[in-house]
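# Notes for the structure review
So the chains spell out like this:
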Amino acid sequence: MSRHLRHALGIAGALLISSYATQPAAQEAHESPQRPLRVSVDDATRRGAQASPELAPARAASRASQRARTASRQALTSNPRVELSAGPRWGADHGLDVSAGVWQDIPLAGVGTSRERAADARAISARFMLRGAELQAALTAGLAWVDARTAYELVEVRKATVTSTRKLLKITESRFAEGAATLGDRALSRSIHGAAKAAVLDAEGRRFSADLELAYAIGVNEERPLVSVGRLDADGPDIPEAAAFASLAQSPELRRMAAESRAAWAAASQSHAEGAPSLSLGPSVTREANGDWVLLGRVSFPLPLVNPRALEAAEHEKSAALARAEYARLKRSLRREVHLLLHERTHARRTRDALAKDAVEPAAVAQAEALLKYSLGKSNIQEVSIAQRNLLDAKERWLLAAADARATELKLLAITGRLPGAEFQKPKSRKAAR
């Protein structure tokens, strides 16, 4: 074998060994788990307002309304017409008469302006609809965070119960070996421990579902792991009642209904304008059979006996009246909802704090004492079981009360325009609906 051939084979072998050596490392890097995304409640609301899949229809409507505004700004409101006529002439002169004319309809009621106003009003309405959708998406994401965080805390509570029941099982096994516990006590301790482990599995299933809902609400790939972070029982700043009611004036839902009413009135005005008479102006030129040329100007207009768009205009006026009535109803409804949320937030916080102080703390003391007395042979396993059950019930009730208080606060922040990522803002436009 030549020296050059041996050298080439050596290089190929080295490359092959190197590729096998680096393949497991590359495969391990490719298969390494994705880092979990840590999501606080503020992160959830902001992401929801920006990336929720539920925003797609409102965004599409807003983009379409902007295109409609552009389409409304045209110099002509109708196409010009061209007329041609030709025919033979008999008599003293004979030959072919040919005539051509161009006509343009000129509306007398400002059709172009009414179209612009209607398009502007619909664009404002679509923009408020988008703001309302962003607010709802942010609130949905916030509530999804509450559910995910509650599910996480529930897993931790039930895992702590498993640890406690494992101690009970060990004590019972020791006492059974010494003859101080019966076979029934041993079976009961095993049952209590087994039920606690099954409860953890149930809580983990709830956590998986809650994390999946949170991922959808914030527009994150469902395959990416999430970790909801933050205290479930944290309280935000108090909102004075007067300030809460005053903020309703900027509610996107109220402003959308007001814009809907203006858009309907603008559409009615547009229908009235397009049904009004219009002048038809234009020149015509004729070449007669004898070779003469005739240039004429033409003006025509319909007799304004009826408005052919009157029915359509009446339908728009009906929609405007309904929107105005819905505005008044929604305004009263939002005030009622704010009043209820203010009361429910205070009540939920008091319930949560009362459970923590008057239920969870005493139940923890009772459970620890019952387990200690049982280990010393001064009580039976039934007392420990009751104490354990009371502690778990108190913790889970506190958890639900904390979740209820946080959810109520998020709803109050949303309705008063203080929810992070969806604060009330007035949409800017060069031309507001008039």
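Just above, that's the structure.
These lines cover the structure that appears in this document, whether it is placed above or below. (Residues numbered from 1 in each chain as written. Predicted model: local features only at pLDDT ≥ 70, side-chain atom pairs only at ≥ 80, totals over all residues. Heavy atoms only, no water.)

### Structural notes on the pattern of salt bridges
We apply this condition: A side-chain nitrogen of Lys or Arg and a carboxyl oxygen of Asp or Glu constitute a salt bridge if their distance falls within 4 Å. Strands are runs of DSSP state E lasting at least 2 residues, helices are runs of H or I lasting at least 4, and numbering of each runs from the N terminus. A simple rule labels every residue: compare its accessible area, found with a 1.4 Å probe on the protein chains alone, to the largest value its type can have, and call it buried under 20%, exposed over 50%, or partly exposed in between.
For the structure on display, the rule yields 21 salt bridges. One salt bridge in this structure joins Arg352 and Asp235, with 2.9 Å as the shortest N-O distance. Of this pair, Arg352 sits in helix α8 (residues 310-375) while Asp235 sits in the loop between β4 (226-228) and α6 (241-247), and the two are 117 residues apart along the sequence. The exposure class assigned to Arg352 is buried, which follows from its relative accessible area of 4%. Residue Asp235 is classed as partly exposed on the basis of its relative accessible area, which comes to 40%. With its nearest N and O atoms 3.0 Å apart, the salt bridge here joins Asp353 to Arg352. Here Asp353 falls in the partly exposed class, since its relative accessible area comes to 42%. Here the residues in one salt-bridge network are Asp235, Asp238, Arg345, Arg349, Arg352, Asp353 and Glu409, joined through shared partners.

### Focus: the pairing of strand β2 (residues 81-89)
Condition: In this scheme, strands are said to pair when DSSP sees at least two bridges between them.
When β2 meets strand β3 (residues 95-107), the two strands line up antiparallel, connected through 9 bridges. Along β3, the bridge assignment pairs Val82 with Val102. The turn joining β2 and β3, which pair antiparallel and follow one another in sequence, is formed by 5 residues; a positive phi near 130 degrees is taken by Gly91.

### Concerning helix α3 (residues 56-72)
Definition in use: For a helix, the expected span equals 1.5 Å multiplied by the number of residues minus one. Relevant arc is that of directions from the helix axis to the C-beta atoms, nothing else. Residues are treated as being in contact if the distance between any of their heavy atoms lies within 4.5 Å.
For α3, built from 17 residues, the straight-helix expectation of 24 Å at 1.5 Å per residue is met to within 8% by its first-to-last C-alpha distance of 24 Å. Every buried residue of α3 is accounted for by Ala58, Ser62, Ser65, Arg69 and Ser72. End-on, the buried residues of α3 take up no more than an arc of 85 degrees, which puts them together on one face. Exposed and facing more than 90 degrees away from the buried side of α3 are Pro57, Arg67 and Thr70. Elements that come into contact with the buried residues of α3 comprise α4 (111-178).

### Some details on the packing of aromatic side chains
To keep it simple, the criterion reads: Only rings of Phe, Tyr and Trp enter the pairing, Trp through its six-membered ring, and a pair is recorded when the two centres are within 6.5 Å. The plane angle decides the type: under 30 degrees is stacked, over 60 is edge-to-face, the rest tilted. Whether a charge sits over a ring depends on NZ of Lys or CZ of Arg being within 6 Å of the ring centre and within 35 degrees of the ring normal.
Counting across every chain of the model gives 0 aromatic pairs. The lysine or arginine in question, Arg175, covers the ring of Tyr374, its NZ or CZ lying 4.6 Å from the ring centre.

### With respect to the packing of α4 against helix α5 (residues 183-217)
When two helices pack together, their arrangement is given by the angle between their axes and by how far apart the axes lie. Which entries qualify depends on this criterion: Here an axis means a line fitted to C-alpha atoms, over the contact stretch when the element is a helix, while the angle between two N-to-C directions is reported on a 0 to 180 degree scale. By the definition adopted for this analysis, an angle is roughly parallel if under 35 degrees, roughly antiparallel if over 145, roughly perpendicular if from 65 to 115, and oblique otherwise. Handedness of a helix crossing follows the sense of rotation of the near helix relative to the far helix, less than a right angle counterclockwise being left-handed and clockwise being right-handed. Residue polarity follows a fixed list, in which Ala, Val, Leu, Ile, Met, Phe, Trp, Tyr, Cys and Pro are nonpolar, Asp, Glu, Lys and Arg are charged, and the others, Gly among them, are polar.
Put simply, α4 and α5 touch, their axes get as near as 8 Å, and they point 165 degrees apart. By the criterion of interaxial angle, the relationship of α4 to α5 is roughly antiparallel. Taken as a pair, α4 and α5 cross one another with a handedness that is left-handed. A class-by-class count of the residues in the contact of α4 with α5 yields 21 nonpolar, 6 polar and 15 charged.

### Focus on the pairing of strand β5 (residues 278-287)
Direction of pairing for β3 relative to β5: antiparallel, over a ladder of 8 bridges. By the bridge assignment for β5, Val98 is matched with Arg287. Inspection of the sheet shows β5 paired to strand β6 (residues 293-300) by 8 bridges, in the antiparallel sense. Residue pairing across strands places Pro283 opposite Gly297, the latter belonging to β6. From the end of β5 to the start of β6, which pair antiparallel, there are 5 residues, and Gly291 there has a positive phi angle of about 95 degrees.

### Looking at the nonpolar core
Applied cut-off: Remark: nonpolar core denotes a set of buried residues (Ala, Val, Leu, Ile, Met, Phe, Trp, Tyr, Cys) joined through side-chain atoms within 4.5 Å.
Counting residues in hydrophobic clusters, the biggest one holds 48 residues, and the most contacted among them are Trp145, Leu214 and Ile218. Mapped onto this core, the elements with two or more residues apiece are β1 (37-39), α2 (41-51), α4, α5, α6, α7 (252-275), α8 and α9 (381-415). Ranked by residue count, the leading element in this core is α4, at 11 residues. With 10 residues, the next largest nonpolar core counts Ile192, Ala370, Leu371 and Val384 among its residues.

### Thoughts on α8
What counts here: Two axes are fitted around each residue, one to the seven residues ending there and one to the seven starting there, and the angle between them is reported as the bend at that residue.
An ideal rise of 1.5 Å per residue puts 98 Å on 66 residues; α8 measures up with 90 Å between its terminal C-alpha atoms. Of all the bends in α8, the greatest, near 35 degrees, is centred on Leu355. The positive-phi residue at the C-terminal boundary of α8 is Gly377, with phi of around 80 degrees.

### Some remarks on the sheet that holds β6
In space, the 4 strands of this open sheet follow the order β2-β3-β5-β6, with antiparallel pairing throughout. Because the sheet does not close on itself, it has two edges, and the strands there are β2 and β6. Across the sheet, the mean angle separating the axes of adjacent strands is 15 degrees when strand polarity is ignored.

### Thoughts on the packing of α7 against α8
Two elements in contact, α7 and α8, have axes whose closest approach is 8 Å; the angle formed by their N-to-C orientations is 165 degrees. Regarding the angle of α7 to α8, the classification is roughly antiparallel. Judged by the sense of rotation from one axis to the other, the crossing of α7 with α8 is left-handed.

### Some details on the environment of Leu355
If you trace the backbone, Leu355 turns up in helix α8. A residue is classified by how much of its surface remains accessible, and Leu355, at 10% relative accessible area, is buried. Taking C-alpha positions, Leu355 is 7.0 Å from Ala394, a pair spaced 39 residues apart along the chain. Among all residues touching Leu355, those that are not within four sequence positions of it are Val360, Arg397, Trp398 and Ala401.

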